[in-house]
Structures are given as structure tokens and as C-alpha cells.
Amino acid sequence: MGLGRAVKIVREKRGIGQQELAKKLRISQGFLSLVEKDAPGGRIPSFKMIKRLASALDVPVELLLLLGCDTPKAQAYSKQIRRIATLADDILSEIRPKK
């Protein structure tokens, strides 16, 4: 999976709409839509934007980069990575102070 797909999956898992995330990041929804497309014509975000996306989605930047890594070896581990990410998310939700 590419980085854009990883962003979309995490965003949807968090229950955040595209418009809401775009507003939080102060970017257009159209730009976010292009980032989430892993196809020709999509946008590759800068590292600074990747850090902002990770922060807005409340995940480590390393997780987005790892999920977005599109190499055969990374794909082989993607199922395990998703299980670890889900477990980490569950643990973090238990220890973070409630808002």
C-alpha cells in the first residue's frame, strides 16, 4: 500500500472525514484527496506534511511511513504491521487522558 492509502485507512479508522482533516491541517479537501490517491495524478506530500498528517491523525510518523512503504518486503509484513498498529492504538487509547 502507498502512503496515501495508509493516510486514508488511518483517517477512516479514526472516524475523521476528509473535510475535517483538511480543515485541521489548513489544506484544501482537494489536496488531501490527491494525497490519498496512490495513482498517477496523485500528490506525494513533503516530509513536513507527512509529520503534520501523523500528528493530526494522532499516530507516530514512523507508522504512516511504514504502512505507506510500497516494497514487496513491507507488503509481506503488512498484515502483522496492521495487527501491531491496532494493538498499539488500543493501548494508547487506554493510557491517554480522556478529553
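Now for a look at the structure at hand. (Residues numbered from 1 in each chain as written. Predicted model: local features only at pLDDT ≥ 70, side-chain atom pairs only at ≥ 80, totals over all residues. Heavy atoms only, no water.)

Turning to helix α3 (residues 29-36), a few remarks are in order. For α3, the set of buried residues is L32, V35 and E36. Viewed along the axis of α3, the buried residues span an arc of 95°, placing them on a single side of the element. (Buried < 20%, exposed > 50% of the residue type's maximum accessible area, 1.4 Å probe, protein only. Helix = DSSP H or I, 4+ residues; strand = E, 2+ residues; numbered from the N terminus. Arc of directions from axis to C-beta.)

Okay, the nonpolar core next. L21, L53, L57, V59 and L64 are the most contacted members of the largest nonpolar core, which has 23 residues in total. Going through the elements one at a time, α1 (3-13), α2 (18-25), α3, α4 (47-57) and α5 (61-68) are the ones with two or more residues in this core. If near-sequence neighbours (up to four positions away) are discounted, L21 is found in contact with R11, I16, L32, L53, A56 and L57. (Core = buried A, V, L, I, M, F, W, Y, C linked by side-chain atoms within 4.5 Å. Contact = heavy atoms within 4.5 Å.)

The subject of this paragraph is unusual backbone geometry. Positioned with a positive phi, R26 is a non-glycine residue whose angle comes to about 60°. Among the secondary structure elements, R26 is positioned in the loop between α2 and α3. One non-glycine residue, D58, lies in positive phi territory at about 60°. On the secondary structure map, D58 appears in the loop between α4 and α5.

Here we take up the pattern of salt bridges. Working definition: two side chains of opposite charge can pair if their charged atoms are close together. The full count for this structure, using the stated rule, is 2 salt bridges. Linking E12 and R11 is a salt bridge whose minimum nitrogen-to-oxygen distance equals 4.0 Å. Judged by its relative accessible area of 45%, E12 falls in the partly exposed class. Residues joined in a network through salt bridges with shared partners are R11, E12 and E36. (Salt bridge = Lys/Arg side-chain N within 4 Å of Asp/Glu carboxyl O.)

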